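Examination of the molecular architecture
Below are the chains, spelled out letter by letter.
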Amino acid sequence: MSNESNPRRNFIKQAALASAGVMFSQVAWSASSYKRIIGANDRVRVGVVGFSDRHRATHIPCFMNHYKELNFDVVGVSDIWKMRREEGAATWKSKMGHDVVAYRNNEEMYDKKAVDAVFISTADFQHALHAIEAVKAGCDVYCEKPFAETMEDNRAALKAIKASKQIVQIGSQRRSGSNYHAAESFIKSGKFGPITMVELTWNVNQPGRWRRPDVVPLLKEEDTDWKRYLMNRPKEAFDARKYLEFRLFWPYSSGLPGQWMSHQIDTVHWFSGLQHPRSVVANGGIYMWKDGRRNWDTITAVFDYGPTNDLSNGFQVTFSSRMHNGDEHPAEIYYSNGGELNLNTNTVSPKGGMIQKAADAMKMKANLLPEMSLSEVEPVIASANTGGDKLTSNHVRNWMECVRSRKTPNAPVEAGYSHSIATIMANAAVHTGQKATFDEKTQEVMVGGKAFIA
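As a starting point, this report considers the structure included with it.

Cut-off values and rules
Residues numbered from 1 in each chain as written. Predicted model: local features only at pLDDT ≥ 70, side-chain atom pairs only at ≥ 80, totals over all residues. Heavy atoms only, no water. Helix = DSSP H or I, 4+ residues; strand = E, 2+ residues; numbered from the N terminus. Contact = heavy atoms within 4.5 Å. Areas by Shrake-Rupley, 256 points an atom, 1.4 Å probe, with all protein chains shown as cover. Pairing = 2+ DSSP bridges. Axes fitted to C-alpha atoms, helices over the stretch in contact; angles between N-to-C directions. Buried < 20%, exposed > 50% of the residue type's maximum accessible area, 1.4 Å probe, protein only. Expected span 1.5 Å × (residues − 1). Phe/Tyr/Trp six-rings, centres within 6.5 Å; stacked < 30°, edge-to-face > 60°. Parallel < 35°, antiparallel > 145°, perpendicular 65-115°, else oblique. Left-handed = near helix turned anticlockwise from the far one by under 90°. Nonpolar A, V, L, I, M, F, W, Y, C, P; charged D, E, K, R; others polar. Right-handed = clockwise from strand over helix to strand, strands pointing away.

The subject of this paragraph is the overall build of the chain. Scanning the chain for helices and strands turns up 14 helices and 17 strands. Long-range pairs, those at least 24 residues apart, make up 73% of the contacts in the chain with a sequence separation of at least 6. In the structure as shown, the chain presents an accessible area of about 18800 Å², 52% of it carried by carbon and sulfur atoms.

It is worth spelling out the sheet that holds strand S13 (residues 347–349) at this point. In a beta sheet, neighbouring strands are held together by backbone hydrogen bonds and run either parallel or antiparallel to one another. The strand order across the open sheet formed by eleven strands is S14-S13-S12-S11-S7-S10-S9-S8-S15-S16-S17, and the pairing between neighbours is mixed. Each edge of the open sheet is held by one strand with a lone partner, namely strand S14 (372–373) and strand S17 (450–451). Both strand S7 (residues 197–203) and strand S11 (residues 331–336) contribute to a ladder of five bridges, which runs antiparallel. Counterpart to Glu 199 in the pairing with S11 is Ile 333. Together, S7, strand S9 (298–305), strand S10 (315–322) and S11 form the strand contacts of helix H11 (residues 256–272), whose direction differs from that of S10 by roughly 155°.

You can see Thr 300 is positioned in strand S9. The partly exposed category is assigned to Thr 300, whose relative accessible area is 39%. C-alpha of Thr 300 to C-alpha of Thr 201: the two residues are 99 residues apart in sequence and 9.1 Å apart in space. Those residues within four positions of Thr 300 in sequence are excluded, and the remaining contacts are Val 281, Ala 282, Asn 283, Phe 319 and Ser 320.

Compared with the 16 Å implied by 1.5 Å per residue over twelve residues, the 16 Å span of helix H2 (residues 53–64) between its first and last C-alpha is a close match. Every buried residue of H2 is accounted for by Arg 54, His 55, Ala 57, Thr 58, His 59, Ile 60, Cys 62 and Phe 63.

Inspection of every chain in the model, using the stated rule, returns 22 aromatic pairs. For the ring pair Trp 202 and Trp 260, a centre distance of 5.3 Å and an interplane angle of 5° mean the geometry is stacked. With a gap of 58 residues between them, Trp 202 in strand S7 and Trp 260 in helix H11 connect regions that are remote in the sequence. Summarising the burial analysis for this pair, Trp 202 and Trp 260 share the class buried. Ring-pair connections join several aromatic residues into one group, and the members of that group are Phe 63, Tyr 67, Phe 72, Trp 92, Phe 119, Tyr 142 and Trp 399.

What follows covers the sheet that holds strand S5 (residues 140–143). Reading across the sheet, the six strands line up as S3-S2-S1-S4-S5-S6 and stay open at both edges, with parallel pairing between neighbours. Sheet topology places strand S3 (101–103) and strand S6 (168–170) at the edges, where each strand pairs with a single neighbour. Averaged over all neighbouring strand pairs, the angle between strand axes comes to 25°, with direction disregarded. Judged from the three bridges that link them, strand S2 (residues 72–78) and S3 form a sheet pairing that is parallel. Among the inter-strand pairings, Ser 78 is bridged to a residue of S3, identified as Tyr 103.

Attention shifts here to the packing of H2 against helix H4 (residues 82–96). The contact between H2 and H4 brings their axes to 12 Å, and the two run at 15°. Accordingly, the angle class assigned to the pair H2 and H4 is roughly parallel. Between H2 and H4 lies a crossing of right-handed hand. When H2 is examined against H4, the residues Asp 53, His 55, Arg 56, Ile 60, Phe 63 and Met 64 are found in contact with a partner set consisting of Arg 84, Glu 87, Thr 91, Trp 92, Lys 95 and Met 96. Of the residues belonging to the contact of H2 with H4, the class tally is five nonpolar, two polar and five charged.

Turning to the pairing of S5, a few remarks are in order. Neither face of S5 is left uncovered, since the one carrying Asp 140 and Tyr 142 and the one carrying Val 141 and Cys 143 both have all their residues buried. When strand S4 (residues 117–120) meets S5, the two strands line up parallel, connected through four bridges. Residue pairing in the sheet places Phe 119 in a bridge with Tyr 142 of S5. Since S4 and S5 lie parallel, the crossover through helix H6 (residues 127–136) that links them has a hand, and here it is right-handed. Of the strand pairs in this sheet, S5 and S6 are connected by three bridges, and their pairing is parallel. Looking across to S6, one finds that Cys 143 is bridged to Ile 170. Handedness of the crossover joining S5 and S6 through helix H7 (residues 151–162) is recorded here as right-handed.

Structure follows, in structure tokens:
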């Protein structure tokens, strides 16, 4: 799909960001953008930023599905923890059949001009900052979600990426699923009718989720760079749990919103064409896992979506998630007055829609949906280690193909910017107990009349 034909390229145009100083038409291309143009027969040299569990369990098998055909190679691993970078280099050496360099940090790797593209799967709060480093070094990027956990980082990363000519794929793999593309097409065709409600749930019963009790004792402060880990977060004494179990601890992660909601809310933006919620409220708490975590183990967030200039039109979205009881089948159900589109069953049906008898009584036209199936089912995996699942494999391949073609990937930076607004709004509601809104002019999440600064 060309840049011109991709509707997702039309996100957040000049007026919305002019006051934030990132007017797209005024951005000058950086010199690093021209560092290297990859030819059709050139080998693409890939670096790994953070040899994480996500990278090991999922990126590796997905990359291995496609690297030979597309002539990609992994040549370096950057990780500030000595054990992880050595393990990463050894793992990739066994996969690639040649030495892979272990770098102590990203600067060391980029200064060597050793890589053309990188996988980023570091701590949640680091994603946007590491993406900035990568594109400024002239590298294409596959960046895990959540893209950003603060609006300051979100705006800075959007600006840096738009100022480059690098290919950036956000790890929102639903955008590479055939069933999700079929759902998007059906909704945008008008056949579904106006969206009136979306229910998103993600419930698991996994006592050890995001805990690393076997690994935490192995991490010693002298073997890593705690200051470099903190990046722009407040200074805090070294804590191996906050390093390795970061998903449990704000401000290193927002937990449930950033980890899980970011995936599902992204489809709301994609299907509806809306860039962010108008408002959100949230409630929840730590009801089960009293293990010192800061982030909730249970949350319900309620969003209002619709045009910002027409409050009479719109729909509600609910996201609920619990970590102590669940069937591990994340659900996404879209409702209209005529029925539902269910992305668990991959069906469209008239279930719950207004029936003709009721419509006749109210002298209204019934618009029941047909019974139909979406395209090939590509199930979402809710386990901690998804392996080389089909959605992510498709997504990694799409990124690799776009690195070669220079076309816009399925989940460009605008998608990450957009889902981050929603997750930051949810987090603002969580931390303040107030309704969060979004200021289009300043591109700030607002609570109580002030920009949210956690």
